[in-house]
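Each chain is listed here by its residues.
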Amino acid sequence: MTAVLTPWTREEFENKLREKGKGYHSHHPFNVLMYEGKLTREQLQCWVANRFYYQIGIPQKDAAIMSNCPDREIRRSWILRITDHDGDDKAEGGIEAWIKLGEAVGLTREDVTSLKFVSPGVRFAVDAYINFARQRPWQESVCSSLTELFAPHIHQQRISSWPEMYPWVKEEGMIYFKKRLTEARRDVEQGLAVTLSHFGKSREMQERALEILQFKLNVLWVISDSIMLACCDVSIENGVHYLRQDQMK
Ligand code: AHQ
């Protein structure tokens, strides 16, 4: 007979979720190189062009969650995430801000919006995230968005390190990261409340929540793996990465 495990308290459960931050993509070697100022102009362009595919996937993912969610109260607040990215008649939105980031690092609007630089691995990982949201119960998709527990830190890292490490990036490129600092915190408040109550009912459900969060951490990690492969030659000599010139201008 399998032992029935007692559920963690709400606080223990939240701590277990937060402990998964050690697998967040801020620890990925590519993001460490970025933070240390070791990326070339072309490698930063490669990252921006590839990450655009994730950015345009977010509102589709959130619309999938909305379509699966019968709870009007949840939908009333979740819909903000879509306009945060798509914009509305008052604000241009995060997708436009990301295109501006592309122009700030020296790409053209077409370089970004054409998706011509997006690697197969990035497409695969982002599509897996959107399909997860389409197929799984909406509470599971809410839980998967909780990688944003760790996002304010990585946005702040960029805001504070890029001007010094990449002084050639135009100031307006930082608008996106500044915007996400407040939006991510608001998102997490709602996501955490749903996750802690829905998955807090049994130890089995709590373990499922950790599994879901690990899936999304894997999505972000594979995005960085694919970007690193796309813009750095894998033949690393004495720790130096070489860029394949055919990929970027
Ligand atoms: O710009 C990001 C964003 O809008 C979101 C929404 C949220 C989700 O619903 O999964 N996650 C997320 C993230 C964004 N930026 C990433 C980054 O490193 O710039 C971090 C990412 C996340 O932590 O999931």
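Please refer to the structure higher up on the page.
Residues numbered from 1 in each chain as written. Predicted model: local features only at pLDDT ≥ 70, side-chain atom pairs only at ≥ 80, totals over all residues. Heavy atoms only, no water.

*Asks:* In this structure, what is going on with the side chain of serine 226? I would like to understand it.
*Replies:* Here serine 226 is to be found in helix α11 (residues 203-231). Apart from the residues lying within four places of it in its own chain, the contact partners of serine 226 are Ser119, Gly121 and Val122. (Helix = DSSP H or I, 4+ residues; strand = E, 2+ residues; numbered from the N terminus. Contact = heavy atoms within 4.5 Å.)

*Asks:* Just checking my understanding: could you explain the packing of helix α3 (residues 41-68) against helix α7 (residues 120-135) for this structure?
*Replies:* Where α3 contacts α7, the axes come no closer than 8 Å and their chain directions differ by 10 degrees. Taken together, the axes of α3 and α7 lie roughly parallel to each other. Here α3 contributes Asn50, Tyr53, Tyr54, Gly57, Ile58, Gln60, Lys61, Ala64, Ile65 and Asn68 to the contact with α7, which in turn contributes Val122, Arg123, Val126, Asp127, Tyr129, Ile130, Ala133 and Arg134. Counted by class, the contact of α3 with α7 contains 10 nonpolar, four polar and four charged residues. (Axes fitted to C-alpha atoms, helices over the stretch in contact; angles between N-to-C directions. Parallel < 35°, antiparallel > 145°, perpendicular 65-115°, else oblique. Nonpolar A, V, L, I, M, F, W, Y, C, P; charged D, E, K, R; others polar.)

*Asks:* How should the site of the ligand be read in this particular structure?
*Replies:* By nearness alone, 20 residues border the ligand, and Lys61, Tyr129, Thr147, Tyr176 and Lys216 come closest of all. The separation between an oxygen atom of the ligand and a polar side-chain atom of histidine 25 is 2.9 Å. Between the ligand and the protein, one listed contact pairs an oxygen atom with a side-chain N or O atom of arginine 180 at 3.3 Å. Relative to its unbound accessible area of 480 Å², the ligand is 99% covered by the protein chains. Judged by the proximity of its atoms to the pocket grid, the ligand belongs to the largest cavity. At the level of secondary structure, the elements contributing two or more residues to the shell around the ligand comprise α3, α9 (151-165), α10 (175-198) and α11. When residues in the shell around the ligand are grouped by element, the largest group, five residues, is from α3. Residue composition of the shell around the ligand, by class: eight nonpolar, six polar and six charged. (Near = heavy atom within 4 Å. Polar contact = N/O pair within 3.5 Å; in protein donor to acceptor, adjacent residues only side chain to side chain. Areas by Shrake-Rupley, 256 points an atom, 1.4 Å probe, with all protein chains shown as cover. 1 Å grid on protein atoms, 1.4 Å probe; cavity = no way out; pocket = protein on both sides within 12 Å on 5 of 7 lines; lining within 4 Å. Sits in = over half its atoms within 2 Å of the grid points.)

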